[in-house]
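Survey of secondary and tertiary structure
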Amino acid sequence: MLNKIIRLTAGIAIAGVIINAVALDNGLVKTPPMGWNSWNCFGANINEKQIKEVADAMVSSGLKDAGYVYLNLDDNWMAKSRDANDNLRADPDRFPGGMKALGDYIHSKGLKFGIYGDRGTETCYFRDNFKELDTKSGSVGREIKDAKTFASWGVDYLKYDNCLANGATMQKDYEKMRDALANCGRDIVYSICAWEFQPWMPKTGNLWRTTTDILNIWKKTNEWSWGILDIIDLNEPRAPYAKPGAWNDPDMLQIGNYRNGGPNDNEYRSHMSLWCIMAAPLILGNDIRNMKQITREILLNKEVIAINQDSAGIQGTRIKSSNGLDIWCKPLGSKDGTTKAVGLFNRNSNTANITVNFSDIGLSGTVTIRDLWEKKELGVFTGSYTMQVSSHGTNMLMISSQPVTGSIAKPLKTITGFLCRTKMDANSIEIVPSGIGSSYRIALFTPDGRLIYCKNKVAGNLQVKVETRSVYLVSILYENGVAEKKMVAFY
Ligand code: GLA
């Protein structure tokens, strides 16, 4: 029984028989997975003590609370041979406690445990370093056995690589492991790592690598080394395939791996910004036991993470690009909704102005803009907005137009409980929330429906400057979704 495999409704008729493609629907990672993986910082040099320290650091640094919950071991956790029963086993010197105990430790921290496997005969590291050995570290022909082993260790996530494998059987091999995982008795996220996109991948894995390995460089210098910028451009066209539970994977983050020169902070901030706009998995690749303050700020910006984790799961795209100046847009909430995340990305080597026309992002009328890296409201605007963007930098904006709610023709009356005191001496009104929710978003409209003020995440009373002899519709939306509104006259 394929208990977690569902049939696609669309079938293909061949000689009168309907052949249904099967699709993955395991209910996992409805928003892009977030976590950490050992490869980009430690490569093959991994061991139990260090991985436990990483687990501790995921908690103490606040990464876990920000949503980074998967702790994933990459290549070289295995022994160079299987056990007497042909099962995979951990390297006894570097992981003396074994994988079950390590998984238990990771779970005890409130984290999830990820592991690495390969669809061929040997993992990539073993292929490259132990040519003379037949380690049987790959899972070809042993998919069911290995999936069960992973489940018995408490594995929650499998990255499944593509080394020493038969090119002709790629799809079938990945499907075999998908089906083995579906029947292993445990929910395991399935991450396909085959270095390119194939049309069958969205119905096979929860995520699939769209490119070869990302290096800790901004831009490639030869055909075999891809930088952050190259990967952005390769991943962007795959946007239509992303949706909740199924993600394009432009590879793990390099943010904070400053070694060998590496990218600068602006470039790392663009790395984070564009991974978030592209709804990409956020799998960290730095040594989180020792992070610079700027790295923490980039990785832990909750407003930027929230763009990545938006429940609609829409992969944002580049909607305009000219002379190296890009505008990227990710609709939030729904495709045609009133709030968009916008990235202004400068590919050039000089600071430049970038203008976003609101009509280009599907918004009309008045909008409010918040700068997510600066963490501040920029104000209320109509038509367009121009900003300076540093070389290789990305400004992350949240742009929102809010339709006027309720009829302005109604008499002045309180619809619900909040108070609006007029303060003539200070030319302002004071909003006193009714306390239904802890924080709220507030908007003031003129009677003809113009948005003149908007502020998010307000807690407690708020004073707003207003014009004399004016009438406003005050609209409050609490965190819990309850809305209140009333007309206020200021004479
Ligand atoms: C491949 C993968 C990398 C990493 C290495 C490990 O190159 O694409 O992400 O897992 O193998 O050997």
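Predicted, not measured: the structure shown is a model, and the values here were computed from it. (Residues numbered from 1 in each chain as written. Predicted model: local features only at pLDDT ≥ 70, side-chain atom pairs only at ≥ 80, totals over all residues.)

With that out of the way, let us pick up the overall build of the protein. In terms of regular secondary structure, the protein is built from 11 helices and 25 strands. Looking at the protein as a whole, 43% of its 491 residues qualify as buried. Of all intrachain contacts in the protein linking residues separated by at least 6 positions in sequence, the fraction that spans at least 24 positions is 68%. (Helix = DSSP H or I, 4+ residues; strand = E, 2+ residues; numbered from the N terminus. Buried ≥ 20, exposed ≤ 12 C-beta atoms within 10 Å, placed from the backbone. Contact = placed C-beta atoms within 7 Å.)

With that out of the way, let us pick up unusual backbone geometry. In the Ramachandran plot, Lys 136 falls in the positive-phi region, its phi being about 50° despite a non-glycine side chain. In this model, Leu 164 sits at a positive phi of 40°, which is unusual for a non-glycine residue. Relative to the helices and strands, Leu 164 is located in the loop between strand S6 (157-161) and helix H7 (170-182).

This brings us to the pairing of strand S16 (residues 376-382). Pairing of strand S15 (residues 366-371) with S16 involves six bridges; the strand directions are antiparallel. Pairing of Arg 370 across the sheet is with Glu 377, part of S16. Here S15 folds back onto S16 in antiparallel fashion, the turn holding four residues, of which Lys 375 has a positive phi close to 55°. (Pairing = 2+ DSSP bridges.)

On to the sheet that holds strand S20 (residues 428-432), then. The strands making up a sheet associate through hydrogen bonds between their backbones, and the pairing can be parallel or antiparallel. Reading across from one edge, S19-S20-S23 is the order of the three strands in this open sheet, with antiparallel pairing throughout. This sheet does not close on itself; its edge strands, each paired only once, are strand S19 (419-423) and strand S23 (462-465). Going across the sheet, the axis of each strand differs from the next one's by a mean of 25°, ignoring polarity. The pairing of S19 with S20 spans five bridges and is classified as antiparallel. Across the sheet, residue Leu 419 finds its bridge partner in S20, namely Val 432. (Axes fitted to C-alpha atoms, helices over the stretch in contact; angles between N-to-C directions.)

With that out of the way, let us pick up the domain arrangement of the protein. Per the domain assignment, the segments of the protein are domain 1 (31-308), domain 2 (317-400) and domain 3 (419-490). Relative placement of domain 1 and domain 3: their C-alpha centres are 47 Å apart. (Domains from an automatic or database assignment.)

This part covers the environment of Gly 97. Tracing the chain through its elements places Gly 97 in the loop between strand S4 (70-72) and helix H4 (98-108). Gly 97 sits in the partly exposed class, given 14 other C-beta atoms within 10 Å. Sequence separation of Gly 97 and Glu 48 is 49 residues, and the distance between their C-alpha atoms is 7.7 Å. The residues contacting Gly 97, other than those within four sequence positions of it, are Glu 48 and Leu 102.

Further remarks concern helix H9 (residues 265-277). Taking 1.5 Å as the rise per residue, H9 with 13 residues should run 18 Å; its terminal C-alpha atoms sit 18 Å apart, in good agreement. Regarding H9, the residues found buried are Glu 267, Tyr 268, Arg 269, Ser 270, His 271, Met 272, Ser 273, Leu 274, Trp 275, Cys 276 and Ile 277. Within two residues after H9, Ala 279 carries a phi angle of roughly 50°, on the positive side. (Expected span 1.5 Å × (residues − 1).)

The next subject is the sheet that holds strand S18 (residues 394-400). Within the open sheet, the six strands sit side by side as S11-S12-S13-S18-S15-S16. Their pairing is antiparallel. In this open sheet, the two strands that pair with only one neighbour each are strand S11 (317-322) and S16. Each strand axis lies, on average, 25° off the axis of its neighbour in the sheet, ignoring direction. Against the sheet, H9 touches strand S12 (325-332), strand S13 (339-346) and S18, its axis set at about 145° to S13.

In the neighbourhood of the ligand, the contacting residues comprise Trp 39, Asp 74, Asp 75, Cys 124, Tyr 125, Asp 161, Cys 193, Trp 195 and Asp 213. Split by residue class, the shell around the ligand holds five nonpolar, no polar and four charged. (Near = placed C-beta within 6 Å. Nonpolar A, V, L, I, M, F, W, Y, C, P; charged D, E, K, R; others polar.)

Going residue by residue along S20, you find Ile 429 and Ile 431 tucked away on one face and Ser 428, Glu 430 and Val 432 left uncovered on the opposite face. Adjacent in sequence and paired antiparallel, S19 and S20 are bridged by four residues, among which Asn 427 carries a positive phi angle near 50°. Where S20 meets S23, four bridges bridge the pair, whose relative direction is antiparallel. Considered in S23, the bridge of Glu 430 is made with Gln 463.

For the pair helix H2 (residues 48-60) and H4, the least separation of the axes is 10 Å and the interaxial angle reads 15°. Judged by the angle between their axes, H2 and H4 are roughly parallel. Crossing of H2 over H4 shows right-handed handedness. Together, Glu 48, Ile 51, Lys 52 and Ala 55 of H2 and Leu 102, Tyr 105 and Ile 106 of H4 make up the contact between the two elements. When grouped by side-chain class, the residues that make up the contact of H2 with H4 number five nonpolar, no polar and two charged. (Parallel < 35°, antiparallel > 145°, perpendicular 65-115°, else oblique. Left-handed = near helix turned anticlockwise from the far one by under 90°.)

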